[in-house]
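Chain by chain, the residues run as shown.
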Amino acid sequence: MYDVRRLVLLRDLADRGTMTAVSEQHGITTSAVSQQLRILEEEVGSALTRRDGRVLRLTGAGRVLVDHTARILAALEEAESAVAATGDTITGVLTIACFHTAMSELALPVAAKLGVDHPELRVRLVESMPVDSVPAVRQQDVDLAVTYTYSFGATDLPSGMTSDYLFSDPLVLLAPPAWRDRVAIEGLAALADADWIAAHDGAPSISSVMFSCRQAGFTPRIGHRTGSFSMMAEMVDRGFGATIVPQISVPDRLRHLVVAPIVDGARRIGVTYRQASVERPAVAAAVREFQQHVRPGVGLAGLAS
């Protein structure tokens with residue numbers, strides 16, 4: 001019978017491509033990873049990887065084994081969840097990852113409520129962007145994550161994972177108040193000659209700026225860069241330019257900068273977890289609490305649409 005720990009190393013090698021990346025992920029040496037994979041190849045009786053430059057690629061046998069590994073790990077987690085569900089109380093440790101702008105209004109109150117309702121459950125919070133938290137959930141480093149996808153570039157989840165919709169976070173145009181009347185008449189095109197404030201290239205949010213402006217007939221002139229939505233709002237307030245941000249990221253004292261919503265622009269917020277963990281009492285309780293928190297009249301309901 002194959003060792004599950006070695007199967008996990010092979011799966012992570014398929015994802016990351018190098019022994020070094022896998023060793024860093026698991027906190028072991030590269031030689032230890034290599035040794036464990038050699039043992040697995042001996043057990044299988046076939047080569048599982050081949051070198052392609054600096055990257056290791058899976059052979060046909062390796063791909064088959066990785067596909068089965070996903071099902072094996074899911075079956076083991078389903079068994080653990082089923083056993084945990086026989087208990088009378090919810091115990092253990094639950095790790096929740098959440099991106100910055102939803103941490104204080106969503107993850108923090110949900111975690112606090114879980115702690116009150118289930119005193120024997122320890123809830124850990126980790127601030128993390130979806131690009132990192134989704135792989136962490138898949139690799140079982142995190143139990144569930146608050147994630148988002150932009151309407152301009154939705155992505156599929158890895159096999160074996162699911163996301164329950166919570167609410168839509170509208171995208172809004174921020175501009176100095178003096179520009180409001182012109183935007184009301186001409187739309188986004190009124191800002192074709194303005195400086196724009198955006199995240200660095202490659203950040204998920206920059207697609208909302210680029211797509212919206214191009215839909216309005218121009219390419220935005222990016223004059224300022226920052227990875228912080230709140231700093232973008234501060235820069236708009238001081239007259240540095242315009243930007244497009246998610247509504248929940250705008251500080252209350254700067255709401256007057258919201259000029260207009262972006263047509264068909266939003267972040268779809270959800271809670272993402274492994275399907276195999278759905279029967280685990282702690283995960284099920286957390287998912288229910290997130291859904292309860294965004295119901296009409298509760299928490300973020302005023303921002304949902």
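Before reading on, note that the structure itself is shown above.
Residues numbered from 1 in each chain as written. Predicted model: local features only at pLDDT ≥ 70, side-chain atom pairs only at ≥ 80, totals over all residues. Heavy atoms only, no water.

Comments concerning the overall build of the chain
Convention followed: Only DSSP runs of H or I with at least four residues qualify as helices, and only runs of E with at least two residues qualify as strands; both kinds are numbered from the N terminus onward. Summary of the burial criterion: residues with accessible area below 20% of their type's maximum are buried, those above 50% are exposed, and those between are partly exposed, where the area comes from a 1.4 Å probe applied to protein chains only. Any two residues having at least one pair of non-hydrogen atoms within 4.5 Å are treated as being in contact. In this description, accessible areas are obtained by the Shrake-Rupley approach with a 1.4 Å probe, and a residue is regarded as covered only by the protein chains that are shown. Under the counting rule used here, the positive set is Lys and Arg, the negative set is Asp and Glu, and His together with the chain ends is not counted. To locate a charge, take atom NZ for lysine, CZ for arginine, CG for aspartate or CD for glutamate.
Scanning the chain from N- to C-terminus turns up 10 helices and 10 strands. Judged by the C-alpha coordinates and their principal axes, the chain covers about 70 × 55 × 30 Å. Within the span of the chain, comprising 305 residues, buried residues form 44% of the whole. A sequence separation of at least 24 residues applies to 73% of the contacts in the chain between residues at least 6 apart. As displayed, the chain offers around 15400 Å² of accessible surface, 51% of which is attributable to carbon and sulfur atoms. Side-chain charges in the chain split into 29 positive and 34 negative, and the spacing between the mean points of these groups amounts to 4 Å.

Observations regarding the packing of aromatic side chains
Here is the rule: Two rings belonging to Phe, Tyr or Trp (six-membered ring only in the last case) form a pair when the distance between their centres is within 6.5 Å. Interplanar angles under 30 degrees mark stacking, angles over 60 mark edge-to-face geometry, and anything in between is tilted.
For the structure shown, the criterion picks out three aromatic pairs. With centroids separated by 4.8 Å and ring planes inclined at 90 degrees, the aromatic side chains of Phe99 and Tyr148 adopt a geometry described as edge-to-face. Of this pair, Phe99 sits in the loop between strand 3 (92-98) and helix 5 (100-117) while Tyr148 sits in strand 5 (residues 144-150), placing them 49 residues apart in sequence. The exposure class assigned to Phe99 is buried, which follows from its relative accessible area of 1%. Ring centres of Trp196 and Phe218 lie 6.3 Å apart, and the angle between their planes is 40 degrees; this geometry places the pair in the tilted category. With Trp196 in strand 7 (residues 195-198) and Phe218 in the loop between helix 8 (206-215) and strand 8 (221-225), this residue pair connects regions lying 22 residues apart in the sequence. For the residue pair Trp196 and Phe218, the accessibility class agrees, reading buried in each case.

Some points on the pairing of strand 9 (residues 243-246)
We count it as follows: Should DSSP find at least two bridges between two strands, the strands are taken to pair.
Alternating positions in strand 9 separate into two faces, Thr243 and Val245 on one and Ile244 and Pro246 on the other, with burial throughout. In terms of strand pairing, strand 6 (residues 161-174) meets strand 9 through four bridges, oriented antiparallel. The residue bridging Val172 from the neighbouring strand is Val245, located in strand 9.

Details of the packing of helix 1 (residues 4-16) against helix 3 (residues 30-44)
Between two packed helices, what matters for the description is the angle formed by their axes and the separation of those axes. Which entries qualify depends on this criterion: Fitting a line to C-alpha atoms yields each axis, with helices limited to the stretch in contact; the angle taken between N-to-C directions then spans 0 to 180 degrees. Angular relationships are summarised with four words: roughly parallel below 35 degrees, roughly antiparallel beyond 145, roughly perpendicular across 65 to 115, and oblique for the angles in between.
At their nearest, the axes of helix 1 and helix 3 sit 9 Å apart, and the two run at 110 degrees to each other. Between helix 1 and helix 3, the angle is such that the two are roughly perpendicular. Residues Arg6, Leu7, Leu9, Leu10 and Leu13 of helix 1 touch helix 3, and the partners they reach there are Gln36, Leu37, Ile39, Leu40 and Glu43.

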